[in-house]
Amino acid sequence: MNRDHLFIVVVALAVALLTGHCSGRAVELDADGGSIAAASDTAGSPSSSSSLGIRAAEPGRATKPTFVKITTPPPARVAQIRGTTVELECEIVGSPTPSVQWVHGSGQTADWEDISVNVITEETPTSVARVVSRLVIDRSSRASQTTYTCIGRSAGQLAMASTVVYHIDAAAGSRLGNFSDLMLLRPVGAGVTSPTHSFMNLKNARITLHYKTLFENMGSTVVLPCKAVGRPVPEITWLNEDGSVVGSLQDPRLRTLPTGELIITGLRWTDMGTYTCVAKNAISKDEAETFIYPVRPN
């Protein structure tokens, strides 16, 4: 179990101690009451602290903690060479599973081709999830700079972090001058995309949204998103810990949707483990892992 998985286990164990007891091999969580709220400063400065707001519960009743927090924000200021494709990444943890969206300065959704690739909705109210969202920027603005904001929402709570992207000419890339204090974003696929690919307007396959870790009640139907962009449109498959393709032929409870999501019906303790999403098109492949921890509900 790696450090990220251990972090979520610690969170769940803390919740269990606050809201109930542990039973058997799985952590118990209850679905009633209370909240844990993560504080957030102004855009661009996600708070590193969180507040614990457990209200007094009636005898025999447990509280359900709710929170949302940006654990890995995108950089505050970066430079992009015009004409290159670059990425911003944002990681958010919350309960229930937070919705995640990118917007740019005007308040419009930042992904122009398909606004759904960077959005998750709160469809699992009993879950705890760490969500990774990646914004692929392949259209340099004519403006000198653009602000992109990662927004996480859960149970009426909000967390956000902003990045100011300065668009510079290629000639200035080797000598940043006034932008010497900025991180120069490395173009996606630099040294990989051939002139033929550029001529045909082909784009590398990149996963833009997935769960890094998910805690969900046993018996629930789990939907693991794996959104990807690229041209041609990437084909998505899921692998289990053995490296075998996940599908209904092995277990009728597991199936992959044409849109890339992995569906697990009737979540069991034996389903715990790491599932790998693979997005592949004609020129490249990208992978992302999701760790699932089944939770025993009260």
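Residues numbered from 1 in each chain as written. Predicted model: local features only at pLDDT ≥ 70, side-chain atom pairs only at ≥ 80, totals over all residues. Heavy atoms only, no water.

**Description of the overall build of the chain**
A tally of regular secondary structure across the chain gives 3 helices and 19 strands. Here the chain, with 298 residues, has 48% of them falling under the buried criterion. Looking at the chain as shown, the accessible area adds up to about 14500 Å², and 53% of this sits on carbon and sulfur atoms. (Helix = DSSP H or I, 4+ residues; strand = E, 2+ residues; numbered from the N terminus. Buried < 20%, exposed > 50% of the residue type's maximum accessible area, 1.4 Å probe, protein only. Areas by Shrake-Rupley, 256 points an atom, 1.4 Å probe, with all protein chains shown as cover.)

**Observations concerning the state of the cysteines**
For the structure shown, the criterion picks out 2 disulfides. Here Cys90 engages in a disulfide with Cys150; their sulfurs sit 2.2 Å apart. Given an S-S torsion of about -80 degrees, the disulfide between Cys90 and Cys150 has left-handed geometry. Taken together, the residues Cys90 in strand β6 (residues 86-95) and Cys150 in strand β9 (residues 145-154) connect sequence positions 60 residues apart. Two residues share a disulfide in this structure: Cys226 and Cys277, whose sulfurs sit 1.8 Å from each other. Taking the sign of the torsion about the S-S bond as the criterion, the disulfide between Cys226 and Cys277, at about -80 degrees, is left-handed. Within this pair, whereas Cys226 is found in strand β14 (residues 226-231), its partner Cys277 is found in strand β18 (residues 273-280), the two being separated by 51 residues in sequence. What connects to what in the chain, once the bonded cysteines are numbered by sequence position, is 1-2, 3-4. (Disulfide = S-S within 2.5 Å.)

**Digging into the side chain of Ser284**
In this structure, Ser284 sits in the loop between β18 and β19 (285-297). Using a relative accessible area of 17% as the deciding quantity, one classes Ser284 as buried. Engagement of the side chain of Ser284 in a polar contact is seen with the backbone nitrogen of Ala205, the distance being 2.7 Å. Setting aside residues up to four positions removed in sequence, Ser284 forms contacts with Asn204, Ala205 and Ala279. (Polar contact = N/O pair within 3.5 Å; in protein donor to acceptor, adjacent residues only side chain to side chain. Contact = heavy atoms within 4.5 Å.)

**With respect to the sheet that holds strand β17 (residues 262-264)**
The strand order across the open sheet formed by 3 strands is β13-β17-β16, and the pairing between neighbours is antiparallel. Both edges of this open sheet fall to β13 (222-224) and β16 (254-256), since each of them pairs with a single strand only. The mean angle between the axes of side-by-side strands here comes to 20 degrees, regardless of whether they run parallel or antiparallel. (Pairing = 2+ DSSP bridges. Axes fitted to C-alpha atoms, helices over the stretch in contact; angles between N-to-C directions.)

**Digging into the pattern of salt bridges**
For the coordinates displayed, the defined rule picks out 12 salt bridges. Note that Asp251 and Arg253 form a salt bridge whose closest N and O atoms lie 3.1 Å from each other. One connected set of salt bridges, linked through shared partners, spans Glu87, Glu89, Arg134, Arg206 and Asp286. (Salt bridge = Lys/Arg side-chain N within 4 Å of Asp/Glu carboxyl O.)

**Overview of the pairing of β6**
The buried fraction of β6 amounts to 9 of the 10 residues, a majority that puts the element mostly inside the structure. With 5 bridges connecting them, strand β4 (residues 67-72) and β6 associate as antiparallel partners. From the neighbouring strand, Ile70 faces β6, where its bridge partner is Ile92. Across 9 bridges, the pairing between β6 and strand β8 (residues 128-137) is antiparallel. Bridging from a neighbouring strand, Glu91 pairs with Val132 of β8.

**Here's the deal with the packing of aromatic side chains**
According to the stated counting rule, one finds 2 aromatic pairs in the structure shown. Between the aromatic rings of Trp269 and Tyr293, the centroid separation amounts to 5.4 Å while the plane-to-plane angle is 90 degrees, which identifies the pairing as edge-to-face. Taken together, the residues span a long stretch of sequence, with Trp269 in the loop between β17 and β18 and Tyr293 in strand β19 at a distance of 24 residues. Taking relative accessible area as the criterion, Trp269 reaches 19% and is therefore assigned buried. (Phe/Tyr/Trp six-rings, centres within 6.5 Å; stacked < 30°, edge-to-face > 60°.)

**Digging into the confidence of the model for the chain**
Chain-level pLDDT for the chain is 74 on average; 60% of the residues reach the 70-or-more range. Confidence over residues 13-61 falls short of pLDDT 50; this stretch has 113 contacts with residues more than four positions distant or in other chains. This stretch, residues 112-122, has a pLDDT under 50; its non-local contacts, to residues over four places away or in other chains, come to 39 contacts. (pLDDT = per-residue confidence, 0-100.)

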